[in-house]
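Survey of secondary and tertiary structure
Each chain, letter by letter, is given below.
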Protein chains: 2
Amino acid sequence: MDESREGLVDLVRSAGLRVTAARVAVLHVLSRHPHADTDTVIRHVRGELGSVSPQAVYNVLAAFVEAGLVRRIEPAGSVALFELRVADNHHHVVCRRCGSVQDVDCAVGARPCLTPSEAHGYVLDEAEVTYWGICPSCQSRRTTRPGALQEHR
Amino acid sequence: MDESREGLVDLVRSAGLRVTAARVAVLHVLSRHPHADTDTVIRHVRGELGSVSPQAVYNVLAAFVEAGLVRRIEPAGSVALFELRVADNHHHVVCRRCGSVQDVDCAVGARPCLTPSEAHGYVLDEAEVTYWGICPSCQSRRTTRPGALQEHR
DNA sequence: TCTGTTACTAGAGTCAATCTAGTTAGTTGA
DNA sequence: TCAACTAACTAGATTGACTCTAGTAACAGA
């Protein structure tokens with residue numbers, strides 16, 4: 001997957017950000033682990049680079065979100081999750097048991113894809129849809145892991 | 001509003017829970033402060049009862065959510081908010097600046113009100129819609145309060 | 001290569017939420 | 001009405017994601 005490294009470098013630069021090893025590594029991790037939480041990103045970045053401070057990863061993720069390269073989602077009961085898909089306006093389906101997350105294409109595409117009957121004067125720019133349910137693997141294994149609302153690692 | 005106290009007591013009892021002063025007070029606070037966070041509930045319950053431990057309020061709220069009396073929502077970047085409206089399947093509009101929350105009626109009513117094109121095998125029971133935008137008062141006062149994503153107190 | 005600025009490291013700090021052990025108080029049945 | 005059983009509350013420590021700050025390292029334009 002090393003030819004995509006070039007693309008990742010360009011992606012960072014095109015956002016007006018300095019190209020650093022940590023930033024490229026974070027993008028690389030997110031490309032292989034969609035909906036990863038910060039801890040998952042840190043561990044995989046360390047696998048690529050050796051030692052990286054948690055704060056560096058927090059900084060990188062915040063800079064990417066700010067620059068629009070990365071989208072941050074935060075399903076109820078979960079820590080922040082990060083994903084590279086930002087161009088489209090897709091939604092998410094979340095498992096109530098294990099917290100696994102999958103993308104769901106938005107039927108409309110453009111934001112906001114839905115309009116409420118009564119917006120109370122709010123100027124809306126996004127309709128975020130989270131589908132809640134039970135994932136296939138939690139349906140088969142009947143055991144509940146309480147408080148395990150986290151991304152599959 | 002003391003005649004509704006009776007109703008609140010019945011509500012607690014009908015959920016199979018013991019009736020305590022803390023529980024009735026929490027329901028009373030939530031009836032007057034929809035989308036209140038835990039800290040807001042604690043302060044108002046103390047205003048009614050005198051001293052109540054934070055843990056008691058956490059316990060009460062958790063018991064109510066478990067019993068289906070109270071709904072817990074958690075918009076991204078916000079602490080947990082609680083509301084009494086649980087019978088209908090309504091949604092929320094959240095201000096990106098000040099974090100204020102308003103209810104939005106669901107056009108469909110029954111859960112889940114939306115069905116994704118591809119559910120990835122998940123058995124869905126709820127489609128949670130969060131509309132993001134700028135509330136009327138934040139539109140007029142142009143100042144941004146960074147990190148102020150909290151319920152109006 | 002030099003230099004200014006941005007990014008990273010390390011370590012302390014914040015805060016919502018949780019856990020545990022001991023005490024208090026609703027509720028049920030005598 | 002009064003025990004006795006058990007659920008609920010108090011107090012205090014603890015967790016864990018996330019933030020802040022000061023000092024150091026390294027990217028990028030001149």
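Concerning the protein's contact with DNA strand C
- Not every one of the 20 residues close to DNA strand C is listed here, only the nearest: A:Arg23, A:Ser53, A:Ala56, B:Val19 and B:Gln55.
- When the atoms of DNA strand C within 4 Å of the protein are grouped by moiety, sugar and phosphate amount to 64% of the total.
- A:Ser53 places a side-chain nitrogen or oxygen 2.5 Å from a phosphate oxygen of DNA strand C.
- Between DNA strand C and B:Thr38 there is a distance of 3.4 Å, counted from a phosphate oxygen to a side-chain nitrogen or oxygen.

Let's talk about the relation of the copies chain A and chain B
- Mapping chain A onto chain B is achieved by rotating through 180° and translating by 0.0 Å along the same axis, at an RMSD of 0.1 Å. One copy is carried onto the other by what is essentially a two-fold rotation axis. Taking the C-alpha atom as reference, chain A places A:Val129 closest to the rotation axis, 2.3 Å from it.
- A shared binding surface is used by both copies, with 100% of the interface residues of chain A retained as interface residues in chain B.

Considerations on the sheet that holds strand 1 (residues 36–37) of chain A
All names here are of chain A.
- The strand order 1-3-2 describes an open sheet built from 3 strands, whose pairing is antiparallel. Each edge of the open sheet is held by one strand with a lone partner, namely strand 1 and strand 2 (71–73).
- Across 2 bridges, strand 1 lies against strand 3 (residues 81–83) in antiparallel orientation. Looking at strand 3, one finds that Ala36 is bridged to Phe82.

Side note on the domain arrangement of chain A
- With domains assigned, chain A is organised as domain 1 (3–73) and domain 2 (87–140).
- One C-alpha centre belongs to domain 1 of chain A, the other to domain 2 of chain A; they are set 24 Å apart.

Comments concerning the pairing of strand 6 (residues 123–134) of chain A
- Of all 12 residues in strand 6 of chain A, 10 are buried; the element is thus mostly enclosed.
- Inspection of the sheet shows strand 4 (residues 91–95) of chain A paired to strand 6 of chain A by 4 bridges, in the parallel sense. Paired with A:Val93 across the two strands is A:Tyr131, which belongs to strand 6 of chain A.
- Sheet topology places strand 6 of chain A next to strand 6 (residues 123–134) of chain B; 11 bridges connect them, and they run antiparallel. Residue pairing in the sheet places A:Val129 in a bridge with B:Val129 of strand 6 of chain B.

A short note on the sheet that holds strand 6 of chain A
- Spatial ordering of the open sheet is given by 5(A)-4(A)-6(A)-6(B)-4(B)-5(B), a layout of 6 strands whose pairing is mixed. The open sheet has two edge strands, strand 5 (101–104) of chain A together with strand 5 (101–104) of chain B, and neither has a second partner. Looking at each pair of strands side by side, their axes are set apart by 25° on average, direction ignored.
- In terms of strand pairing, strand 4 (residues 91–95) of chain B meets strand 5 of chain B through 4 bridges, oriented antiparallel. If you follow B:His92 over to strand 5 of chain B, its bridge partner there is B:Asp103.

What to know about helix 3 (residues 38–49) of chain B
All names here are of chain B.
- If you check helix 3, its first and last C-alpha atoms are 16 Å apart, about what 12 residues at 1.5 Å a residue would give, namely 16 Å.
- Those residues of helix 3 that fall on the buried side of the exposure criterion are Thr38, Thr40, Val41, Ile42 and Val45.
- Residues of helix 3 that are buried in the fold lie against helix 2 (21–32), strand 1 (36–37), helix 4 (54–67) and strand 3 (81–83).
- Looking one or two residues past helix 3, Gly50 carries a phi angle of roughly 100°, positive in sign.

Observations concerning the side chain of A:Arg71
- Within the element layout of this structure, A:Arg71 appears in strand 2.
- Polar side-chain contacts of A:Arg71 include one of 3.2 Å to the backbone oxygen of A:His90.

Remarks on the side chain of B:Thr38
- The residue B:Thr38 is located in helix 3 in this model.
- Apart from residues no more than four positions distant in its own chain, B:Thr38 is found in contact with B:Val57, B:Tyr58, B:Leu61, B:Ala80 and B:Phe82.

Rules of the game
Along each chain, residue indices are assigned from 1 in the same order as the chain's sequence is written. To read the labels, note that chains go from A and ligands from 1, taken in the order they are written. Given that the model is predicted, a residue must reach a pLDDT of at least 70 before its local features are reported, and side-chain atom pairs must reach 80 or more before they are shown or counted; all residues, however, enter totals for whole chains, interfaces and linings. With hydrogens and water set aside, each side-chain value is computed from the structure's full complement of heavy atoms. Whether a residue is near a molecule or strand depends on its heavy atoms: if one lies within 4 Å, it is near. By the criterion applied in these results, polar contacts are pairs of N or O atoms within 3.5 Å in which, for protein atoms, one can donate a hydrogen and the other can accept it, and in which residues neighboring in sequence qualify only through two side-chain atoms. Superposition of the copies used a least-squares fit over C-alpha atoms from residues whose pLDDT is at least 70 in both. Contact criterion: two residues are considered in contact whenever any of their non-hydrogen atoms come within 4.5 Å of each other. Two strands are counted as paired when DSSP detects at least two bridges linking them. Only DSSP runs of H or I covering at least 4 residues are called helices, and only runs of E covering at least 2 are called strands; the numbering of each starts at the N terminus. How far each domain reaches was decided by an automatic or database domain assignment. Exposure categories follow from relative accessible area, calculated using a 1.4 Å probe and restricted to protein chains: below 20% of the type maximum is buried, above 50% is exposed, and the middle band is partly exposed. Angles run from 0 to 180 degrees between N-to-C directions of axes, and those axes are lines fitted to C-alpha atoms, restricted for helices to the stretch in contact. Given a helix with a known number of residues, its expected span is that number minus one, times 1.5 Å.

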